[in-house]
Amino acid sequence: MTSWITICDTCKRDGWDAATAPCTDGEALAAKIEVLAESNPDLQTRRVSCLMGCSHGCNIAIQAEGKLNYTLGRFDPEEEGAAQAIVDYAALHAQSETGQVPFRQWPQGVKGHFVTRHPPLPKDS
């Protein structure tokens, strides 16, 4: 089943300066994630303007129908391996029947970045 990586493209970390930055921190992170996820048929990406987690920027959500969904934040788009860790975790989420990935399988780059977990929506009756 496809897992979606939803990336806030308006995130700006402390110290971001429009005068010197060619794009927002969220746009920079999104560009890296999109390239890395492109070759995985189980993953899709999308950009949104604001996940309302500004104090946790840069923010992303890992989502799939019928599965646990997660919001992660506090990513630095310039940090080596951050985008790869997000894509690797999303791939594990896609492979999981419930969306839950055992901690021992989490890529190091996502540890400490989880902000919220959302249960799957109930099925319509």
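Below or above, wherever it landed, is the structure these notes cover. Being a predicted model, the structure only gives us computed values, none of them experimental.

The next thing to look at is the overall build of the chain. Within the chain one finds 2 helices and 5 strands. Going residue by residue from the N terminus, the α and β elements of the chain occur as β-α-β-β-β-α-β. By the compact-globule yardstick of 14 Å for 125 residues, the chain fits well, its C-alpha radius of gyration being 14 Å. Taken over the C-alpha atoms alone, the chain extends approximately 50 × 30 × 25 Å along its principal axes. Counting over 125 residues, the chain shows a buried share of 39%.

It is worth spelling out the pairing of strand 4 (residues 69-72) at this point. Burial along strand 4 is two-sided: Asn69 and Thr71 and Tyr70 and Leu72, pointing in opposite directions, are all buried. Inspection of the sheet shows strand 3 (residues 60-63) paired to strand 4 by 3 bridges, in the antiparallel sense. When the sheet's bridge partners are listed, Ile60 is paired in strand 4 with Leu72. Between the antiparallel neighbours strand 3 and strand 4 lie 5 residues, among them Gly66 with a positive phi of about 75 degrees. By the bridge criterion, 4 bridges tie strand 4 to strand 5 (residues 114-118) in an arrangement that is antiparallel. In the sheet register, Leu72 faces strand 5, and the bridge partner there is Phe114.

To continue, consider helix 2 (residues 82-95). Every α-helix carries 3.6 residues per turn, so stepping three or four residues along brings you back to the same face. The end-to-end C-alpha distance of helix 2, which contains 14 residues, comes to 20 Å, matching closely the 20 Å that a straight helix rising 1.5 Å per residue would cover. Counting buried positions along helix 2 gives 10 out of 14 residues, so the element sits mostly inside the fold. Taken together, the buried positions of helix 2 are Ala82, Ala83, Ala85, Ile86, Val87, Tyr89, Ala90, Ala91, His93 and Ala94. The secondary structure elements touched by the buried residues of helix 2 are strand 1 (3-8), helix 1 (25-37), strand 2 (43-48), strand 3, strand 4 and strand 5.

To continue, consider the sheet that holds strand 2. If you trace the 5 strands from one edge of the open sheet to the other, you get 2-1-3-4-5, paired in mixed fashion. The open sheet is flanked by strand 2 and strand 5, the only strands paired with a single partner. The mean inter-strand angle of the sheet, taken between neighbouring strand axes irrespective of direction, is 20 degrees.

Turning our eyes to something else, we now look at the nonpolar core. In this structure, Ile5, Ile33, Ile60 and Phe75 are the most contacted members of the largest nonpolar core, which totals 27 residues. Listed by contribution, the elements that provide at least two residues to this core are strand 1, helix 1, strand 3, strand 4 and helix 2. With 9 residues, helix 2 is the single largest residue contributor to this core. Excluding residues within four positions of it along the chain, Ile60 makes contact with Thr6, Ile7, Leu29, Ile33, Leu51, Tyr70, Thr71, Leu72, Phe75 and Ile86.

Note that strand 1 and strand 2 share 6 bridges and pair parallel. For Ser3, the partnering residue across the bridge sits in strand 2 and is Leu43. Of the crossover connections in this fold, the one passing from strand 1 over helix 1 to the parallel strand 2 is right-handed.

Our next topic: the packing of aromatic side chains. Scanning the entire structure with this criterion turns up 6 aromatic pairs. With a centroid separation of 5.6 Å and an interplanar angle of 90 degrees, the aromatic rings of Tyr70 and Phe114 are classed as edge-to-face. In this pair, Tyr70 sits in strand 4 while Phe114 sits in strand 5, placing the two residues 44 residues apart along the sequence. Residue class for Tyr70 comes out buried when judged on its relative accessible area of 7%. Members of the aromatic cluster, connected to one another through ring pairs, are Tyr70, Tyr89, Phe103, Trp106 and Phe114. Sitting above the plane of the Trp16 ring, Lys12 keeps its charged end 5.5 Å from the centroid.

Conventions used here
Residues numbered from 1 in each chain as written. Predicted model: local features only at pLDDT ≥ 70, side-chain atom pairs only at ≥ 80, totals over all residues. Heavy atoms only, no water. Helix = DSSP H or I, 4+ residues; strand = E, 2+ residues; numbered from the N terminus. Rg over C-alpha atoms; globule rule 2.2 N^0.38 Å. Buried < 20%, exposed > 50% of the residue type's maximum accessible area, 1.4 Å probe, protein only. Pairing = 2+ DSSP bridges. Expected span 1.5 Å × (residues − 1). Contact = heavy atoms within 4.5 Å. Axes fitted to C-alpha atoms, helices over the stretch in contact; angles between N-to-C directions. Core = buried A, V, L, I, M, F, W, Y, C linked by side-chain atoms within 4.5 Å. Right-handed = clockwise from strand over helix to strand, strands pointing away. Phe/Tyr/Trp six-rings, centres within 6.5 Å; stacked < 30°, edge-to-face > 60°. Lys NZ or Arg CZ within 6 Å of the ring centre and 35° of its normal.

These figures capture arrangement, not role.
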